[in-house]
Amino acid sequence: MISFQVADLQNGQNFNSRVILDKHFVVLDNNLTFSSALQKRLVEWGFKTLYSENEAAPAPVVEKLVASKPAAYAPKAPVSHSSGETVDIDLDTLNEEYKDDSNALNTNLKAVISKINLAIKNFPNKDRMENVMTVYNEFLDYTQKVFTRYVTHKEMKSSELSESISLLIEFIKNNKKYILRIQPTEEHKLDKNFLTSHCLRSTIISIVIALQINMPSQKIIELGIAALIHEIGQIKLPPQLYLTDKPLSPQARNLLATHTVLGFNIVNELGFSLPIKVGILEHHERENGQGYPRHLTSEKISAFGKILSVACSYEAITSPRHYKEARTLYEATIELLLNKDKQYDDIVIKALVSAVSLFPIGTYVYLSNGKIGQVTESNPNDPRLPIVEIVGEKNELGNPKSIITDNDKNKIVRVLNKEELKGVQAYIK
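Residues numbered from 1 in each chain as written. Predicted model: local features only at pLDDT ≥ 70, side-chain atom pairs only at ≥ 80, totals over all residues. Heavy atoms only, no water.

(A) Spotlight on the pattern of salt bridges. This structure, assessed with the given rule, holds 15 salt bridges. Here glutamate 315 makes a salt bridge to arginine 201, at a shortest N to O gap of 3.2 Å. Within this pair, whereas glutamate 315 is found in helix α13 (residues 303–318), its partner arginine 201 is found in helix α7 (residues 194–212), the two being separated by 114 residues in sequence. In this pair, the class of glutamate 315 matches that of arginine 201, namely buried. Of the charged contacts in the structure, one is a salt bridge between lysine 401 and glutamate 393, with a shortest N-O distance of 3.7 Å. On the basis of relative accessible area, glutamate 393 is assigned to the partly exposed category, the value being 22%. Salt bridges here are not isolated pairs; linked through shared partners, they connect Glu287, Lys306 and Asp345. (Salt bridge = Lys/Arg side-chain N within 4 Å of Asp/Glu carboxyl O. Helix = DSSP H or I, 4+ residues; strand = E, 2+ residues; numbered from the N terminus. Buried < 20%, exposed > 50% of the residue type's maximum accessible area, 1.4 Å probe, protein only.)

(B) Representation of the sheet that holds strand β10 (residues 372–377) within the structure. Here we have 5 strands laid out as an open sheet, ordered β12-β11-β10-β9-β13, and antiparallel in their pairing. A single partner strand is all that each edge strand has here, and the edge strands are β12 (400–404) and β13 (412–415). Pairwise comparison of adjacent strand axes, ignoring direction, gives a mean angle of 45° for this sheet. Of the strands in this sheet, β9 (364–367), β10, β11 (387–394) and β13 are in contact with helix α16 (residues 418–428), which crosses β11 at around 55°. (Pairing = 2+ DSSP bridges. Axes fitted to C-alpha atoms, helices over the stretch in contact; angles between N-to-C directions. Contact = heavy atoms within 4.5 Å.)

(C) A look at the environment of valine 415. Within the secondary structure layout, valine 415 lies in strand β13. The spacing of valine 415 and leucine 367 is 48 residues in sequence and 9.1 Å in space, taken between C-alpha atoms. Not counting the four nearest positions on each side in its chain, valine 415 is found in contact with Tyr330, Phe359, Thr363, Tyr364 and Val365.

(D) Focus on helix α15 (residues 346–356). Along α15, the residues classified as buried are Val348, Ile349, Ala351, Leu352, Val353, Ala355 and Val356. Of the surrounding secondary structure, the elements contacted by the buried residues of α15 are α5 (158–179), α7, α13 and α14 (329–338). For α15, the side-chain oxygen to backbone nitrogen distance between the N-cap and isoleucine 347 is 2.9 Å, and the N-cap itself is aspartate 345. Within two residues after α15, serine 357 carries a phi angle of roughly 80°, on the positive side. (Polar contact = N/O pair within 3.5 Å; in protein donor to acceptor, adjacent residues only side chain to side chain.)

(E) Spatial organisation of the confidence of the model for the chain. Averaged over the chain, the pLDDT score is 80; the fraction of residues at 70 or greater is 79%. Here strand β7 (residues 76–80) is the element of the chain with the lowest mean pLDDT, 34, and helix α8 (residues 217–228) is the one with the highest, 97. Ignoring residues within four places in sequence, the model shows residues 59–102, a span with pLDDT below 50, making 86 contacts including any to other chains. (pLDDT = per-residue confidence, 0-100.)

(F) Main features of the side chain of asparagine 339. One can find asparagine 339 in the loop between α14 and α15. Of the residues examined, asparagine 339 reaches a relative accessible area of 3% and is grouped as buried. One polar contact links the side chain of asparagine 339 to the main-chain carbonyl oxygen of tyrosine 344, over a distance of 2.9 Å. Non-local contacts of asparagine 339, meaning those with residues more than four positions away in its chain, are made with Tyr344, Asp346 and Ile349.

Listed below in structure tokens is the structure:
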């Protein structure tokens, strides 16, 4: 194995064998050339040495991978606009915006949750979904501030995150059947950043799984923190890597894969606990050893890594992206249950299905009695037979009518297709 100093490599040098950071992490695949853009990023991230089995050979100037600087080093930070396009916000403006609340990013969050909890307590069936959505949006704002605070000040406080995650855990405990109904398409109508939106939804799913397996409270808090910031490493990468609708080159895929290591380095420097750091590092590891960055197999992956792997995949399948349409919650559940190539931990998958049911909370289903219902709760006795609210029907108190599905007159026949779903959503509005 031959070592190379990153600073000494030239733009266009060719390698006919893999270039690696260590025995696991691949920087360049076979027969790919080294670029000055890649060199610059490796230097910025603190990587000094690369390794390969063969000497590097000179080559013509290669095509640049990306022209822009990573977000964390650019004079402006990319954020999402309501139109869905990326716009630039001056970091000086952001510095001024967060100057006065640097010690309490979650102040408004606590106030909103306190107010909403009181409203729910006094009027348990009045505007419950609307109130839960308000809290959800407040957590989205908070998550965005956490990421922006790190971009502008290189700060993330474990104690504050712990307090915020504790609030979220309690809110999920009291409102699980409502917060899980919030569909990915709803949040994409809002002015939210792609990464923080994914992180919050993954956090909610991770907490639901942890509660299902009775994980100790302090461990759930640490898991929630890891989930909320598990993509923090991506802020050091060009947004074109994860916002493009074009296939990524091998170089670009390898560059994007560095976000787990970059995220680990960020929280390591900030002094976060070992379980949080390892969870962030391992959220793309897979049980069969085909994940990254270290290609760990089942017995070597941490509990946090196993849970985050399932939660992130479930969220990604069910969320619309610029390069794909969202698949249904039911399709995501079936895909995880099939566990193709044994990628995920069976215990974690079972916990997720038990918590959200085989027909996940929020799913609209067609029943054998000809009625349409929305799944609102899992059935602890049988995840195949969830509790549903019948669309258009009320009980004697004027609240939505709920029934437990069965294998007879109230049997779930199928999940509504997209066109049927649009019709139902238009009707209930």
